[in-house]
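Topology and contacts: notes
Residue-level listing of the chains:
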Amino acid sequence: MDINIALLAIIAANALVSFKGFNDISFFRKYEFYIGGIRAGEQYRMLTSAFLHADVMHLVFNMLTLYFFAPVVIAFMGTFTFLLVYIVSLVAGSLLTLYFHKNDYWYRAIGASGAVTGVLYSSILLAPDMTLSLYFFLPIPAYVFGIGYLLYSIYGMKAKSDNIGHVAHFGGAIGGFAITLSRQPNMIYDNTLMVILLLIPIIVLFILAKMNKI
């Protein structure tokens, strides 16, 4: 029972904070991820912004993804490690975003995408044979979705044509990847190919960053 309570508590917290933000712009502005505010000493924004969402669809998409993939992490590693994956991925997403945008004082972001991506990546590592139904009818292997999702995030970072926090997706993936392997180190030997495949987009990101291509 505590497994469901832990997951539902996170979903409820996201819903409550998000709906408060929908109806109170001053609340929204105070707690969103905003580089100018963070650089001025408001580091709390790096945590609170992960409970705010742009609209109901943004909230529902993130929470549905969490609802479907969190049970995999919980089943394999337990409630405590699931919470650890979620929190570390959240923080990693914010830290990586801060690193990439530290001089963009105007930059703003919101959403649980970093934390949710960490849970998604963790679940794919733990159960790589999972099949997802893309658009509810097209079945694809979970690992293909995970790799494609991060490669799309690289494109989004380069294009800068939307307000999605693509960098947070990578930070979250790194957090989920690291915590899962630290808790299940045998996967490095038992599932080496999958570990390498899921590591590729992360490596590509840092190569492009080193080359100043993003």
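Predicted model, so just to flag it, every value in this text is computed and none were measured. (Residues numbered from 1 in each chain as written. Predicted model: local features only at pLDDT ≥ 70, side-chain atom pairs only at ≥ 80, totals over all residues. Heavy atoms only, no water.)

1. Re helix α5 (residues 56–101)
Using the following cut-off: Strands here mean DSSP runs of E at least two residues long; helices mean DSSP runs of H or I at least four residues long; both are numbered from the N terminus. Each helix should span, by expectation, one fewer than its residue count multiplied by 1.5 Å. Each polar contact in these results corresponds to two N or O atoms within 3.5 Å; when the atoms are within protein, one needs to be able to donate a hydrogen and the other to accept it, and residues that are neighboring in sequence are counted only if both atoms are side-chain atoms.
For α5, which comprises 46 residues, the first-to-last C-alpha distance of 26 Å sits more than 12% below the rise-based estimate of 68 Å (1.5 Å per residue). For α5, the capping residue at the N-terminal end is Asp55, with a side-chain oxygen 3.2 Å from the backbone nitrogen of Met57.

2. Remarks on the packing of helix α6 (residues 113–126) against helix α10 (residues 192–210)
Let me state the cut-off plainly: Between N-to-C directions, angles cover 0 to 180 degrees, with each direction set by a line fitted to C-alpha atoms, over the stretch in contact for helices. These descriptions rest on fixed angle ranges, namely under 35 degrees for roughly parallel, over 145 for roughly antiparallel, 65 to 115 for roughly perpendicular, and the rest for oblique. Should the near helix be turned anticlockwise from the far one by less than a right angle, the crossing is left-handed, and should it be turned clockwise, the crossing is right-handed. Whether two residues touch is decided by their heavy atoms; if any such pair falls within 4.5 Å, the residues are in contact. All residues other than Ala, Val, Leu, Ile, Met, Phe, Trp, Tyr, Cys, Pro, Asp, Glu, Lys and Arg, Gly among them, are scored as polar; the first ten of these are nonpolar and the last four charged.
For the pair α6 and α10, the least separation of the axes is 10 Å and the interaxial angle reads 155 degrees. Between α6 and α10, the angle falls in the class roughly antiparallel. Crossing geometry of α6 relative to α10 is assigned as right-handed. Across from Tyr121, Ile124 and Leu125 in α6, the residues of α10 making contact are Val195, Leu198, Pro201 and Ile202. Among the residues making up the contact of α6 with α10, the classes are represented as seven nonpolar, no polar and no charged.

3. Overview of the packing of aromatic side chains
Rule in force here: Two aromatic rings from Phe, Tyr or Trp, using only the six-membered ring of Trp, form a pair when their centres are within 6.5 Å; if the ring planes differ by under 30 degrees the pair is stacked, by over 60 it is edge-to-face, and anything between is tilted. Buried, partly exposed and exposed residues are distinguished by accessible area as a fraction of the type maximum, computed with a 1.4 Å probe on protein chains only: under 20%, between the cut-offs, and over 50%, respectively. By the criterion adopted, a ring carries a charge over it if an Arg CZ or a Lys NZ lies within 6 Å of its centre and within 35 degrees of its normal.
Tallied over the entire structure, the rule returns eight aromatic pairs. Considering the side-chain rings of Phe33 and Tyr107, the 6.4 Å spacing of their centres and the 85 degrees angle between planes classify their relative orientation as edge-to-face. Taken as a pair, Phe33 in strand β1 (residues 33–34) and Tyr107 in the loop between α5 and β2 (108–109) lie far apart in primary sequence, 74 residues in all. The pair formed by Phe33 and Tyr107 is uniform in burial state, with each residue classed as buried. One aromatic cluster is present, formed by Phe27, Tyr31 and Tyr44 through successive ring pairs. Directly above the aromatic system of Phe27 lies the positively charged group of Lys20, at a separation of 5.7 Å from the ring centroid. In this structure, Lys102 packs its charged tip against the face of Tyr99, placed 4.7 Å from the ring centre.

4. As for the nonpolar core
When a protein is soluble and globular, its nonpolar side chains tend to lie buried together. Under the convention used in this document: Think of a nonpolar core as a cluster: buried Ala, Val, Leu, Ile, Met, Phe, Trp, Tyr and Cys residues, connected wherever their side-chain atoms sit within 4.5 Å.
If you look at the biggest cluster of nonpolar residues, it comprises 50 residues, and the most contacted ones within it are Leu66, Phe82, Tyr86, Val119, Phe170 and Leu198. At the level of elements, α1 (2–23), α5, α6, α7 (142–159), α8 (166–183) and α10 are the ones that each hand at least two residues to this core. Residue contributions to this core peak at 14 residues, all from α5. In this structure, Phe33, Ile35, Met46 and Ala109 belong to the second largest nonpolar core, which totals six residues.

5. Remarks on the pattern of salt bridges
The criterion, for reference: Criterion for a salt bridge: a side-chain nitrogen of Lys or Arg within 4 Å of a carboxyl oxygen of Asp or Glu.
Tallied over the entire structure, the rule returns four salt bridges. Asp24 is paired through a salt bridge with Lys20; the nearest N and O atoms lie 3.3 Å apart. Arg108 is paired through a salt bridge with Glu32; the nearest N and O atoms lie 2.2 Å apart. Remark: Glu32 occurs in the loop between α2 (25–31) and β1 and Arg108 occurs in strand β2; sequence separation between them is 76 residues. Of the residues examined, Arg108 reaches a relative accessible area of 36% and is grouped as partly exposed. Salt bridges linked by common partners bring Arg29, Glu32 and Arg108 together as one network.

6. Thoughts on α10
We apply this condition: Take the seven residues that end at a residue and the seven that start at it, fit an axis to each, and the angle between those axes is the bend at that residue.
Between the first and last C-alpha of α10 there are 26 Å, a value that for 19 residues agrees with the 27 Å anticipated at 1.5 Å per step. At Ile200, α10 shows its largest kink, close to 30 degrees, and the proline Pro201 lies no more than four residues downstream. Those residues of α10 that sit buried are Met194, Val195, Leu198, Pro201, Ile202, Leu205 and Leu208.

7. Digging into a nonpolar patch on the surface
Selection criterion: Patches in this entry comprise residues that are over 30% relatively accessible and not in a salt bridge; like charges within 9 Å are linked, as are nonpolar side chains (Val, Leu, Ile, Met, Phe, Trp, Tyr) within 5 Å. Accessible surface area values rest on a Shrake-Rupley calculation with a 1.4 Å probe, where residue burial reflects the displayed protein chains alone.
Together, Leu8, Phe19, Val56, Val60, Leu64, Tyr67 and Phe68 make up an exposed nonpolar region whose accessible area comes to about 660 Å². Counting only elements with at least two residues in the nonpolar patch, the list comes to α1 and α5. A per-element tally of the nonpolar patch places α5 first, with five residues. For Leu64, the position within the fold is in helix α5.

8. Focus on the packing of α8 against α10
Pairs of packed helices are described in terms of their axes, by the angle between the two and the distance that separates them. Packing of α8 against α10 leaves a shortest axis separation of 11 Å and a crossing angle of 140 degrees. The angle between α8 and α10 places the two elements in the oblique class. Considering the relative orientation of α8 and α10, their crossing is left-handed. Along the contact surface, α8 presents Phe170, Ile174, Phe177 and Leu181, while α10 presents Val195, Leu198, Leu199, Pro201, Ile202, Leu205 and Phe206. Grouping the constituent residues of the contact of α8 with α10 by class yields 11 nonpolar, no polar and no charged.

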